[in-house]
Amino acid sequence: MKISSLTVHCASLCLDVVNGDSFEKLTIADIQSWQDELYSYIENRVALLKLSNETQHLFITSVRDEVLMILMLCKDNLFAREPYWIIEKMQRKITLSTHLYINNGDL
């Protein structure tokens, strides 16, 4: 599997949060409240791509939602905290989102 730099950034973010001292104290609502912050984080990583505003928004939102989902899954499932699983999940979502939003569904 080819791993993109965006996958590495997002997986690293997930692992930093999950391995942080305060992760166990976070609620699902706390994680969901990071939507805007995560959007900005991802937006900064894809800024070099020449995309329309709508395409960029759809792509970033899709990737951001995957980060949120992974973090929420990690709250209750120890298996979800496994680095390889997180990397694989992120790469699959980024690949799918690239095909759907950037390559116009050309799989």
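Shown above is the structure to which this text applies.
Rules of the game
- Residues numbered from 1 in each chain as written.
- Predicted model: local features only at pLDDT ≥ 70, side-chain atom pairs only at ≥ 80, totals over all residues.
- Heavy atoms only, no water.
- Helix = DSSP H or I, 4+ residues; strand = E, 2+ residues; numbered from the N terminus.
- Rg over C-alpha atoms; globule rule 2.2 N^0.38 Å.
- Core = buried A, V, L, I, M, F, W, Y, C linked by side-chain atoms within 4.5 Å.
- Buried < 20%, exposed > 50% of the residue type's maximum accessible area, 1.4 Å probe, protein only.
- Contact = heavy atoms within 4.5 Å.
- Salt bridge = Lys/Arg side-chain N within 4 Å of Asp/Glu carboxyl O.
- Patch = residues over 30% accessible without salt bridge, like charges linked within 9 Å, V, L, I, M, F, W, Y side chains within 5 Å.
- Areas by Shrake-Rupley, 256 points an atom, 1.4 Å probe, with all protein chains shown as cover.

## Thoughts on the overall build of the protein chain
(1) Moving on: Looking only at helices and strands, one finds five helices and zero strands in the protein chain.
(2) Moving on: Reading the protein chain from its N terminus to its C terminus gives the helix and strand order α-α-α-α-α.
(3) Moving on: For 107 residues, the compact-globule formula gives about 13 Å, and the C-alpha radius of gyration of the protein chain, at 14 Å, lands near that figure.
(4) Moving on: With respect to the three principal axes, the spread of C-alpha positions in the protein chain is 40 × 30 × 20 Å.

## Description of the nonpolar core
(1) Moving on: Residues Leu6, Val63 and Val67 are the most contacted members of the largest nonpolar core, which totals 28 residues.
(2) Moving on: Broken down by secondary-structure element, the contributors of at least two residues to this core are helix 1 (5-18), helix 3 (35-45), helix 4 (53-76) and helix 5 (83-102).
(3) Moving on: Broken down by element, this core gets its largest block of residues, nine residues, from helix 4.
(4) Moving on: If near-sequence neighbours (up to four positions away) are discounted, valine 67 is found in contact with Cys10, Leu13, Cys14, Leu38, Ile42 and Met90.

## Let's talk about the pattern of salt bridges
Pairing between side chains of opposite charge can happen when the charged atoms of each approach one another.
(1) Moving on: By the definition in use, this model includes four salt bridges.
(2) Moving on: Measuring nitrogen to oxygen at the nearest pair gives 2.9 Å for the salt bridge that ties aspartate 65 to arginine 64.
(3) Moving on: A relative accessible area of 36% means that aspartate 65 is categorised as partly exposed.
(4) Moving on: The class of arginine 64 is buried, set by a relative accessible area of 11%.
(5) Moving on: When the shortest N-O distance is used, the salt bridge between glutamate 66 and lysine 89 registers 3.3 Å. Of this pair, glutamate 66 sits in helix 4 while lysine 89 sits in helix 5, and the two are 23 residues apart along the sequence.

## Observations concerning a nonpolar patch on the surface
(1) Moving on: Taken together, the side chains of Met1, Ile3, Val8 and Tyr84 present a nonpolar region at the surface, about 420 Å² in accessible area.
(2) Moving on: Tracing the backbone shows methionine 1 in the segment before helix 1.

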